[in-house]
Each structure stands twice: as structure tokens, then as C-alpha cells.
Amino acid sequence: VGDTFDSHRLLAYAESLDDDYATQNALVEELFKDYFTREKCVSDRDVLLAAAQAVGLQDAAKVLDDQTAFADTVEDQKRAFAGRHQIRGVPYFIIDGKYHLSGAQPPDILAEAIEEAI
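Report on the accompanying structure. (Residues numbered from 1 in each chain as written. Predicted model: local features only at pLDDT ≥ 70, side-chain atom pairs only at ≥ 80, totals over all residues. Heavy atoms only, no water.)

Remarks on the pairing of strand S2 (residues 99-102)
Okay, so step 1: Examined bridge by bridge, strand S1 (residues 92-95) and S2 share four bridges and lie antiparallel to one another. Within the sheet, the bridge partner assigned to Tyr92 lies in S2 and is Ser102. (Pairing = 2+ DSSP bridges. Helix = DSSP H or I, 4+ residues; strand = E, 2+ residues; numbered from the N terminus.)

The structure is reproduced here in C-alpha cells:
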């Protein structure tokens, strides 16, 4: 995975468009499909633009072209999230909102946390 900052900027833009997060949810779903099932790189501009088009997100190219567009929003969200969960390093896993794992974990520890969550 490359730098996903642009995908986060697009998601912040989508969030700004409606109060019920419908556009943002559709975009994140499309990006997850791109990454997890289509094996596409969600830091690639063409992938981002195709995902935006697939969910009807207008002006995505303008957002991507302006490196400052929604950058402060994303940085503020990252700081708030990290502070709320006391995250001090990466990777950091939150599973089902209950289980928090910091740092690289062996697969059996991750599997155990997931099993506990479900």
C-alpha cells in the first residue's frame, strides 16, 4: 500500500457533501473493493478517480489537483482519532471497537482478537 493521504482527502470531501455519510460510505466501499478484491492500489490517482466516478462523486480531480484541499481536515481527524485512542505508533488495530492492539502482532494474536470480537 502506498501513501493513502489522497484517498483520505477524497473521503473527507465526500463527507462534506451530505449529512448522512452516504457518499463517503459509498466511496469507502468502492475503495475497499478496489484494494481487497480487485488488487488495485488506492494511492493511484486513476484508481481514486475511477472510484469517485463509480459513486457519482463530482469534482474529485479538482480535489486531487489541489494538494491543500481537505488536507487540514484529514490531519485534524488523524490527530483527534490518535488522541482519543491514545495511539502512539503504527500499526494500530481496533477490532469491533473493543480490542486494541498496538504494534506488529503475530497472526495468532490477531486471529484471537478477531475471534473474541465475533
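Here we look at a nonpolar patch on the surface
Okay, so step 1: Taken together, Phe32, Tyr35 and Phe36 make up a surface patch of nonpolar side chains, about 340 Å² in accessible area.
Okay, so step 2: Following the sequence through the fold, Phe32 ends up in helix H2 (residues 22-37).
Okay, so step 3: Assessed through its relative accessible area of 47%, Phe32 is described here as partly exposed. (Patch = residues over 30% accessible without salt bridge, like charges linked within 9 Å, V, L, I, M, F, W, Y side chains within 5 Å. Areas by Shrake-Rupley, 256 points an atom, 1.4 Å probe, with all protein chains shown as cover. Salt bridge = Lys/Arg side-chain N within 4 Å of Asp/Glu carboxyl O. Buried < 20%, exposed > 50% of the residue type's maximum accessible area, 1.4 Å probe, protein only.)

As for unusual backbone geometry
Okay, so step 1: Looking along the chain, the bond that leaves Val90 and enters Pro91 is cis, with omega of -5°.
Okay, so step 2: By the secondary structure assignment, Pro91 is in the loop between helix H5 (71-85) and S1.
Okay, so step 3: Residues other than glycine seldom take positive phi values, yet Gln86 does so here, at roughly 55°.
Okay, so step 4: Inspection of the secondary structure puts Gln86 in the loop between H5 and S1.
Okay, so step 5: Classification of Gln86 by relative accessible area gives exposed; the value is 60%.
Okay, so step 6: One non-glycine residue, Asp96, lies in the positive phi region at around 60°.
Okay, so step 7: Among the structural elements, Asp96 can be located in the loop between S1 and S2.

Observations concerning the side chain of Arg9
Okay, so step 1: Relative to the helices and strands, Arg9 is located in helix H1 (residues 5-17).
Okay, so step 2: Given the relative accessible area of 0%, Arg9 is considered buried.
Okay, so step 3: Contacts of Arg9, omitting those with residues within four sequence positions, involve Val63, Leu64, Asp66, Gln67, Ala69, Phe70, Ala71 and Val74. (Contact = heavy atoms within 4.5 Å.)

So, the nonpolar core
Okay, so step 1: Leu10, Leu27, Leu31, Leu48, Leu57 and Val63 are the most contacted members of the largest nonpolar core, which has 15 residues in total.
Okay, so step 2: Elements with a minimum of two residues in this core: H1, H2, helix H3 (45-54) and helix H4 (60-65).
Okay, so step 3: For this core, the element with the highest residue contribution is H1, accounting for four residues.
Okay, so step 4: With residues near it in sequence (within four places) discarded, Leu48 still touches Asp6, Ser7, Leu10, Leu31, Val42, Ser43 and Leu64. (Core = buried A, V, L, I, M, F, W, Y, C linked by side-chain atoms within 4.5 Å.)

A look at the pattern of salt bridges
Okay, so step 1: For the structure shown, the criterion picks out eight salt bridges.
Okay, so step 2: Across the salt bridge formed by Arg38 and Asp34, the nearest N and O atoms sit 2.7 Å from each other.
Okay, so step 3: The class for Asp34 is buried, based on a relative accessible area of 4%.
Okay, so step 4: Across the salt bridge formed by Asp96 and Lys98, the nearest N and O atoms sit 3.2 Å from each other.
Okay, so step 5: Take Lys98: its relative accessible area is 52%, and that puts it in the exposed class.
Okay, so step 6: One network of salt bridges, with partners in common, ties together Glu30, Asp34 and Arg38.

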